[in-house]
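In case you want the letters, here they are:
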Number of protein chains: 2
Amino acid sequence: MKAAATLEEIYAPVESRLQAIPETILEILSTPNELAADVIRYFFSGKGKLLRPALTLLGAELKSTDEGLEPRLLKLASSYEIFHGATLIHDDIIDSAYLRRNIPTINVKWGPEVAVLVGDYLHDKAIAAIFENGNPSIVSTFLKTAGEVCDGEIHELKEKDNFVLSEAEYLAIIEKKTASLLACALESGAILGGANSAEIHALRRFGRDFGIAFQIVDDCLDFTGNEHEFGKTLGADCFAGVLTLPLIRLFEILEPAKKGELMQLFKSETPGKFQTLLDKVRDSGAIDYAMEKAKKYSAAARNDLDVFSDSPAKRSFERLVDYVLERNR
Amino acid sequence: MKAAATLEEIYAPVESRLQAIPETILEILSTPNELAADVIRYFFSGKGKLLRPALTLLGAELKSTDEGLEPRLLKLASSYEIFHGATLIHDDIIDSAYLRRNIPTINVKWGPEVAVLVGDYLHDKAIAAIFENGNPSIVSTFLKTAGEVCDGEIHELKEKDNFVLSEAEYLAIIEKKTASLLACALESGAILGGANSAEIHALRRFGRDFGIAFQIVDDCLDFTGNEHEFGKTLGADCFAGVLTLPLIRLFEILEPAKKGELMQLFKSETPGKFQTLLDKVRDSGAIDYAMEKAKKYSAAARNDLDVFSDSPAKRSFERLVDYVLERNR
């Protein structure tokens, strides 16, 4: 199998627009409040993948390259990165994570109070920017999605330390908390680009299938990643009591006696806990199992693209699906 | 001076509509997510003053009693209470408060993780409900206000333990964090009721002047209130390092030698800290000073109402101004 394309190659059809995103984000978030301005500059100095804005831009590119759209498109694409940032900042409080995009979390650097409020600020600004965009169909899709993301996160929290969490429930959670926003970012771009309702429907499906694959791989990287490459705290879910697919699978195939032992370990504060869990997860084949699942969702995502004829943007979506399976960040 | 009217008397012109608010709130927030549903039911079982929905309803009542408006009006009014709830839930994390509306905070009962997410959920649902209301001028006023509330809160956080915080900065903070949302709730009702732009402008000024008076009294009650009547943790600001008008005034009039002593006490974790601070604040006349300030803003608020001719709703606004100065909750 040949190596997957790099993100740079995948983003090529929208490269120049994507380069304008970091600046647009800071413009949207500009504030005379010095503390907020410092925190915002700091947070966005961490280099993310800009996946959500790229999806918006590629979604529009599938249909239209109209330059007149550009200002609205940049603002819309940036809004999704800002909204995503707000959820990351709040997630890092919840998980007590210390590293995000290779720099200490806001939580660690300024404390949870600042993290709560700056997260709220980003949240509000993203919503305001999407609203100002002025497309009612995008606003209503987005508001539904925001509710779904939050619902997914509360659902995840509710299932903490639930050792019999089913794979189906896990999938429902990650579809809500991760895939829905990826799909929404993509769908919004397509709406602005003038896609018809069948195309929008297909892209929504693609976004959801792709997003589920993306999150499963993320959850595998939480075990097997290299912290420096991954850019965030390894084992964060694990320490927060969140069971993801590798662990769910491990619990499913373990014989009852060993299961009790593992539950004790999972709930304990033993320093070597994560390394032991990691070894067990890896030895059991649970990571391979999870990666197989991710591959199935990736294949479904590729299928969803069938309604589109070949184009640079379509090829980017296809390559993105391969990239996700091989990514290490 | 005769006793101020009760809230019940003040709310009389919109009594029947106000009675429908708690149910409307729960309808807007209904969710199949059991944890979220439990927390929401619990939070709204605490009896708040419903000040924001009352302002929306009274704002509409000034101009129109059109029954056709009712469903939209109820939803709009409820949205402000939900949004306010979201900010309270996040504030209680920030202040580590244990009591809110006479029941333990979500923070205490479910932990900060749940509080962060349920706050986000309420936040999103409030915004979605305001958007669904479909009046662009209300949405845009609200989104600006949401940004302002957040900005005010971050500003307050930045000034923690700032013993030379000026009265002007304090006033700027409370106008943003409290008065702006009260004004917005009121203004939105008036817009829906069909007020003209001069009337809307006057109500915005009223909301802001009234809101500043309201918050100054709140900050006095944080010292002098009865925890059971006030319904929330006394001294919460004080323990969180937030300086409000009574303390700002005390620091201003204290001789330099005593100031250093008081700063030490304020920053300490001494158990008797709050009682000592309270005695000093009271003995210095700083509470009286703050209440005088509140009275000035109340007088300004009364003036703002001059453009309206006499009506039950207008009388309610006037009585509300008196109520705020005498309230103990």
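Remember, predicted model here, so these are calculated numbers, not experimental data.

J.: Looking at this structure, how should I read the overall build of chain A?
T.: The helix and strand inventory of chain A stands at 18 helices and 2 strands. Since a compact globule built from 329 residues should have a radius of gyration of about 20 Å, the 20 Å found for chain A is in line with a globular shape. With 329 residues in all, chain A has 51% of them scored as buried. For chain A, restricting intrachain contacts to residue pairs at least 6 apart in sequence, the fraction spanning at least 24 positions comes to 78%.

J.: Which parts of the structure should I look at to understand the packing of helix 10 (residues 167–193) of chain B against helix 11 (residues 197–224) of chain B?
T.: Relative placement of two packed helices is described by the angle separating their axes and the distance separating the axes. Residues and elements named next belong to chain B. As a packed pair, helix 10 and helix 11 sit with axes 7 Å apart at the nearest point and diverge in direction by 140°. Comparing their axes, helix 11 and helix 10 come out oblique. As helix 10 runs across helix 11, the sense of the crossing is right-handed. Taken together, the residues of helix 11 that come into contact with helix 10 (itself represented by Leu 171, Ile 174, Glu 175, Thr 178, Ala 179, Leu 182, Ala 183, Leu 186, Glu 187, Ala 190 and Ile 191) are Glu 199, Ile 200, Leu 203, Arg 204, Gly 207, Arg 208, Phe 210, Gly 211, Ile 212, Phe 214 and Gln 215.

J.: Please clarify how the relation of the copies chain A and chain B should be interpreted in this entry.
T.: What relates the pair of chain copies is a rotation about an axis plus a shift along that axis. For these two chains of identical sequence, chain A goes onto chain B by a turn of 180° and a shift of 0.0 Å along the axis, with RMSD 0.0 Å. These values place the two chain copies in the arrangement generated by a two-fold rotation axis. With an isologous cut-off of 70% or more, the 100% of interface residues of chain A that recur at the interface of chain B puts this contact in the isologous class.

J.: Looking at this structure, how should I read the interface of chain A and chain B?
T.: Interface size is commonly expressed as the accessible area that is lost once the parts come together. Taken together, the contact between chain A and chain B spans 31 residues of the former and 31 residues of the latter. For the side of chain A that touches chain B, the secondary structure elements donating two or more residues are helix 4 (34–45), helix 6 (70–94), helix 8 (112–132) and helix 9 (136–158) of chain A. Of the residues contributing to the side of chain A that touches chain B, the split by class is 18 nonpolar, 6 polar and 7 charged.

J.: Which parts of the structure should I look at to understand helix 14 (residues 245–253) of chain A?
T.: The α-helix winds at 3.6 residues per turn, so residues separated by three or four positions along the chain end up facing the same way. The complete set of buried residues in helix 14 of chain A reads Leu 245, Pro 246, Leu 247, Ile 248, Arg 249 and Leu 250 of chain A. Elements in contact with the buried residues of helix 14 of chain A: helix 10 (167–193), helix 11 (197–224), helix 16 (273–283) and helix 17 (286–304) of chain A.

J.: What exactly am I supposed to notice about the packing of helix 11 of chain B against helix 17 (residues 286–304) of chain B here?
T.: Residues and elements named next belong to chain B. The N-to-C vectors of helix 11 and helix 17 enclose an angle of 160°; their axes lie 8 Å apart at closest approach. In terms of orientation, helix 11 and helix 17 fall into the roughly antiparallel class. The element helix 11 and its partner helix 17 pack so that their crossing is left-handed. Classifying every residue of the contact of helix 11 with helix 17 gives 16 nonpolar, 2 polar and 5 charged.

J.: Is there a simple way to think about the nonpolar core in this case?
T.: Taken as a class, soluble globular proteins show a tendency for nonpolar side chains to be buried jointly. With 208 residues, the main nonpolar core has Val 118 and Ala 213 of chain A together with Val 118 and Ala 213 of chain B as its most contacted residues. The contacts of Ala 213 of chain A, once residues within four sequence positions are left out, are Ala 294, Tyr 297, Ser 298, Ala 301 and Val 324 of chain A.

J.: Even after reading the chapter, I still don't get unusual backbone geometry, so can you show me in this structure?
T.: In most cases, non-glycine residues show a negative phi, while peptide bonds are predominantly trans. Positive phi is not limited to glycine here, since Leu 50 of chain A has a value of about 55°. Among the secondary structure elements, Leu 50 of chain A is positioned in the loop between helix 4 and helix 5 (51–61). Its 21 C-beta neighbours within 10 Å are what place Leu 50 of chain A among the buried residues. A positive phi is found at Asn 102 of chain B, a non-glycine position, where the angle reads about 65°. Residue class for Asn 102 of chain B comes out partly exposed when judged on the 14 C-beta atoms lying within 10 Å of it.

J.: Any chance you could explain the environment of Thr 87 of chain A here in plain terms?
T.: Within the element layout of this structure, Thr 87 of chain A appears in helix 6. Taking the C-alpha atoms as reference points, Thr 87 of chain A and Ala 202 of chain A, 115 residues apart in sequence, are found 26 Å from one another.

J.: Would you take a moment to explain the confidence of the model for chain A for this structure?
T.: Low pLDDT marks stretches whose predicted atomic positions should not be read closely. Mean pLDDT for chain A: 92, with 99% of residues reaching 70 or above. Scored as a whole, the predicted complex attains pTM 0.85, and scored at its interfaces, ipTM 0.78.

J.: Teacher, can you tell me more about the environment of Gly 59 of chain B here?
T.: Secondary-structure assignment places Gly 59 of chain B in helix 5 (residues 51–61). Remark: the alpha-carbon pair of Gly 59 of chain B and Ala 36 of chain B, spanning 23 residues in sequence, is separated by 32 Å.

J.: Teacher, can you tell me more about the environment of Arg 17 of chain B here?
T.: Residues and elements named next belong to chain B. Note that Arg 17 resides in helix 2 (residues 15–19). As a C-alpha pair, Arg 17 and Glu 34 span 17 residues in sequence and 29 Å in three-dimensional space. Filtering out sequence-adjacent residues up to four positions away, Arg 17 remains in contact with Leu 57, Glu 70, Leu 73 and Leu 74.

What counts, and at which threshold
Here, residues in each chain are numbered from 1, in the same order as that chain's written sequence. For naming, the first written chain is A and the first written ligand is 1, with later ones following in the order written. Local features in a predicted model are, by the rule used here, given only for residues with pLDDT of at least 70; side-chain atom pairs are given and counted only at 80 or more, and totals for whole chains, interfaces and linings are based on all residues. A helix here means a DSSP run of H or I that spans at least four residues, while a strand means a run of E at least two residues long, and both kinds are numbered starting from the N terminus. What the globule rule says is 2.2 Å times the number of residues to the power 0.38, and the radius of gyration is computed from C-alpha atoms. Here exposure depends only on C-beta density: within 10 Å of a residue's C-beta, 20 or more other C-beta atoms make it buried, 12 or fewer make it exposed, and intermediate numbers make it partly exposed, the C-beta atoms being placed from the backbone. Note that contacts rest on C-beta atoms placed from the backbone: two residues are in contact if these are within 7 Å. Orientation is described by lines fitted to C-alpha atoms, with helices fitted over the stretch in contact, and by angles between N-to-C directions that extend from 0 to 180 degrees. Should an angle fall under 35 degrees it is called roughly parallel, over 145 degrees roughly antiparallel, and 65 to 115 degrees roughly perpendicular, with every other angle called oblique. Crossings are assigned a handedness: left-handed for a near helix turned anticlockwise from the far helix by less than a right angle, right-handed for a clockwise turn. The fit set for superposing copies consists of C-alpha atoms from residues with pLDDT of at least 70 in both; the fit itself is least squares. In the scheme used here, Gly and all other residues not listed as nonpolar or charged are polar, with Ala, Val, Leu, Ile, Met, Phe, Trp, Tyr, Cys and Pro taken as nonpolar and Asp, Glu, Lys and Arg as charged. To count as a nonpolar core, a set of buried Ala, Val, Leu, Ile, Met, Phe, Trp, Tyr and Cys residues must be joined through C-beta atoms within 7 Å. Scored between 0 and 100, pLDDT is the confidence that the predictor attaches to each residue.

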